[in-house]
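Remarks on the overall topology
Here is how the chains run, residue by residue.
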Amino acid sequence: MSIARHWRRRHNLYRLIGTRCRSCGRTFYPQAQRCIYCGSSDVEQARIDGEARLLSYSIVYSVTDEARYEAPVILGLVEVGGVKLITEITDASPGELEVGMRLEPVLRKVSIHGESGLIYYAVKFRPAMGGDGSGED
Amino acid sequence: MAWISGVGMVRINRHYQKGLRDLAVEAASQALRDAGVDGIDYVVVASSSSYRQVGQLDLASYTSSYLGLRGARSLAVEAGEASGLAGLLTAYSLVASGAAETVLLVGVDKLTEYNSGEAYDMIEGLYDVEGEGFYNIGHAGVAGLLMRLYMHEYGVDRLTMSYWPAVMHANAKQNPYAMLRFAVTPEKVASAMPLADPVTLLDSYPLGDGAAAVVVTRRPGQVRIVGVETATGLPSPAHRDDPLYLESVAEAVSRLGLSREDLEGIDVMEIHDSFTITAYMILETLGLSDKGRAAKDLAEGKYTVEGDGPVMNPSGGLKARGHPIGATGVYQLAEVTMYLRGDFPGVKTNGARRGMVISMNAMGSSAYTALLQAE
Ligand SMILES: [Zn+2]
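Residues numbered from 1 in each chain as written. Chains lettered and ligands numbered in written order. Predicted model: local features only at pLDDT ≥ 70, side-chain atom pairs only at ≥ 80, totals over all residues. Heavy atoms only, no water.

**Quick notes on the pairing of strand β1 (residues 2–9) of chain B**
All names here are of chain B. For clarity, the cut-off: Each residue gets one of three labels from its accessible area relative to the maximum for its type: buried under 20%, exposed over 50%, partly exposed in between, using a 1.4 Å probe on protein chains only. Only DSSP runs of H or I reaching four residues or more are called helices, and only runs of E reaching two or more are called strands; each is numbered from the N terminus. Any two strands are treated as partners once DSSP identifies two or more bridges connecting them.
The element β1 is extensively covered by neighbouring structure, given that seven of its eight residues are classed as buried. Relative to strand β8 (residues 223–232), β1 runs antiparallel, the two sharing three bridges. By the bridge assignment, Ala2 is partnered in β8 with Ile225.

So this is what it looks like as structure tokens:
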């Protein structure tokens, strides 16, 4: 990935900004100029937040050279406030993970740019602290 | 109206001795010989990332020149893993519209020119690089997510999931063009090295180099192209209400005007089984298996030559024949053409009259389908 692409996207990677469509009412990640569902350009930025749950996960051993030192990576299919997205799970060992468990967002390193050594950060998710994981607060 | 009058395939492998162009010219020469034509109006080359692989741009014209087709009209087509079928759509449109009488379609990709880390980096780009592709998804991570989701949702265990690779390897063993010509048991699939747990090495396609070609013509012959269709899908499976349902595949097939009953009447199919889970998602999206049933149906013998339903992937599929990304769709077309002609040198599909190809990119960012018929 280029340094420029990461810089352009820093806001929606650091704070998980997606798109809400005023026409069809759907919200999705990432940011877009038009709705991917209905095509409307009547869209606005939307913070993706709210209760987060793990729908599925994968322990990824086969990664690119840029991410070799991060392997294995835990990838998650996560639902955040009703919006599904694919992200990384952190601060957890594979054995702790359970489909349906509660998660919370946290800013973490994703990879290191090959030539410059620049570190890329983005929002990841970790098991929710201080809860029993059942979603009952 | 358009027909496929010639096919050519190079065995998929790590071809250290041959360059990308050598592979393309070899497959194309076979197809031209098989078709017995000399006048080619257009050359369409399908490739996912030839520039990344060997540094070559304007691949189609260089390929045409070294095929000795001086002056031919030539163009390249790219649609990731679906490039081969996007090439067929182009060739078919040129012939059906009358712009060309005969088109040569060549699919080629070379994944083993560099180390596998470089290849994985390249094929990560099949996914949305502004979406999940920002994270370290690898080439199998999204398949891992969908496989666990499927197993959890439908209560299917790891061993039952493992029949697809076992059947594909058994088929590929008889296919001289296949990369992985050895048998594996479901137990071995389940316990193989994890790539993106629960996906193991034996759930995934191998990295290989390959080229295949078909000649598409207006002149009537043995195998007619009944139709070619395509549809765009949402960028990520996370955007779908049911991430396991391939809307783009369903839309492309319905655009061909085919019902589920029509699909059940098709004799043989080549489908895009990039991973075990992808195969089951396609079978269930087509309605050939009920939701959550595809793995069990296969374990009970459905989709094999002896069983019910269309025979799936006599070639061994992407899983075992191999998957040189942009070339794969052209392999599928060449294989289905041979099943319908009755001269495929592998698993026999005696008397097959109708054959279908299902191709797609990633987890359905686009889908293509082609229906062929023996005349
Ligand atoms: Zn909308």
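**Description of the domain arrangement of chain A**
Residue and element names in this part refer to chain A. Heads up, the condition is: Each domain's extent was defined by an automatic or database domain assignment. The contact criterion used is simple: two residues touch if any of their non-hydrogen atoms lie within 4.5 Å. Summed over both partners, buried area is the accessible surface (1.4 Å probe) that two parts give up on being assembled. Salt bridges are defined as contacts in which a side-chain nitrogen from Lys or Arg sits within 4 Å of a carboxyl oxygen from Asp or Glu. Under the rule applied, a polar contact is a pair of N or O atoms within 3.5 Å (in protein, one hydrogen donor and one hydrogen acceptor; residues adjacent in sequence only if both atoms are side-chain atoms).
When cut into domains, chain A gives domain 1 (1–48) and domain 2 (50–128). Listed as interface residues are twelve residues of domain 1 and, on the opposing side, 13 residues of domain 2. For the pair domain 1 and domain 2, the summed buried surface comes to about 1,100 Å²; carbon and sulfur atoms form 74% of the total. Counting across the interface, domain 1 meets domain 2 through zero salt bridges. Between the two partners, domain 1 and domain 2, sit zero residue pairs in polar contact (both at pLDDT 80 or more). Those elements giving two or more residues to the side of domain 1 that touches domain 2 turn out to be α1 (3–8), α2 (10–14) and β2 (27–28).

**Observations concerning the interface of chain B and chain A**
Counting residues at the interface gives 36 residues for chain B, matched by 40 residues for chain A. Contact between chain B and chain A buries roughly 3,200 Å² in total, counting both sides, with carbon and sulfur atoms accounting for 61%. The three residues of chain B that bury the most area against chain A are Phe134, Tyr135 and Asn136 of chain B, which together make up 27% of that side's buried surface. Applying the counting criterion to the chain B and chain A interface returns one salt bridge. One salt bridge in this structure joins Asp241 of chain B and Arg26 of chain A, with 3.1 Å as the shortest N-O distance. Linking chain B with chain A are 15 residue pairs in polar contact (both at pLDDT 80 or more). For the side of chain B that touches chain A, the elements supplying multiple residues, two or more each, are α5 (116–124), α6 (141–154) and β5 (194–197) of chain B. Ranked by the residues each element gives to the side of chain B that touches chain A, the list is headed by α6 of chain B, at seven residues.

**A few points about the pairing of strand β7 (residues 102–112) of chain A**
All names here are of chain A. Alignment of strand β4 (residues 52–60) against β7, held across two bridges, turns out to be antiparallel. Paired with Ala52 across the two strands is Leu103, which belongs to β7. Examined bridge by bridge, β7 and strand β8 (residues 119–127) share nine bridges and lie antiparallel to one another. Across the sheet, Ser111 pairs through a bridge with Tyr120, a residue of β8.

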